[in-house]
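One-letter residues, chain by chain:
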Amino acid sequence: MTANISLGVAIFSLIISIATFFAASRSNRNALGVSEENTYSKIQDAEDARADFAMEIALKAEAWKLANAGKTYQMIPAEEKMADHKIQRVLNAYDMACQRYIDKKLDRKRFRRTYGDRIQKICDNADFQRIKNRTTHSYTALNQVNDELNNPERN
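Residues numbered from 1 in each chain as written. Predicted model: local features only at pLDDT ≥ 70, side-chain atom pairs only at ≥ 80, totals over all residues. Heavy atoms only, no water.

A. Structural context of a negative patch on the surface. Taken together, the side chains of Asp45, Asp48, Asp52 and Glu56 make up a negatively charged region of the molecular surface. Topologically, Glu56 is positioned in helix H1 (residues 2-67). (Patch = residues over 30% accessible without salt bridge, like charges linked within 9 Å, V, L, I, M, F, W, Y side chains within 5 Å. Areas by Shrake-Rupley, 256 points an atom, 1.4 Å probe, with all protein chains shown as cover. Salt bridge = Lys/Arg side-chain N within 4 Å of Asp/Glu carboxyl O. Lys, Arg positive; Asp, Glu negative; His and termini not counted. Charge placed at Lys NZ, Arg CZ, Asp CG, Glu CD. Helix = DSSP H or I, 4+ residues; strand = E, 2+ residues; numbered from the N terminus.)

See the structure below:
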């Protein structure tokens, strides 16, 4: 009789342990999804801010060109600094995302599909390279992940 009660308690404990394991696993997957959404939002916000500024400058340049036929618009130093700042924000967002990728805090397969080409375009873009080379921040994670995802000699 005591053996049956012990067996029943053991089976009940096993069922609780299995249920707890699956609940924790589901919770970890949900946390990973939230982290991916935050990463996407930060990158998108930085890219949107850069695009908005670029559109503002393009409209200003177009209006200036209409008023000054035959001349090309030249950004003033404050606009150049703001453009550089917008590029830095994008680089920082991608660098932070790459740090999370390296730390395995993001779904690596999904990250490769979503950001692999985008990271390569950023690393190959002359404006982004100019900022990367000029700042003291080395963007190590961004460079490392770009190499991992886009270097054909590594793959």
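Still to come is the rest of the account.
B. Spotlight on the side chain of Lys132. The topology assignment puts Lys132 in helix H4 (residues 126-134). Nearest to the buried, unbridged Lys132 among oppositely charged side chains is Asp124, at 7.8 Å. Setting aside anything within four residues of it in sequence, one finds Lys132 in contact with Leu91, Cys123, His137, Tyr139 and Asn143. (Buried < 20%, exposed > 50% of the residue type's maximum accessible area, 1.4 Å probe, protein only. Contact = heavy atoms within 4.5 Å.)

C. Region of the structure containing the confidence of the model for the chain. Counting all residues, the mean pLDDT for the chain is 85, and 81% of those residues have values of 70 or more. Taken element by element, the predicted model of the chain shows its lowest mean pLDDT in H1 (78) and its highest in helix H2 (residues 77-102) (95). (pLDDT = per-residue confidence, 0-100.)

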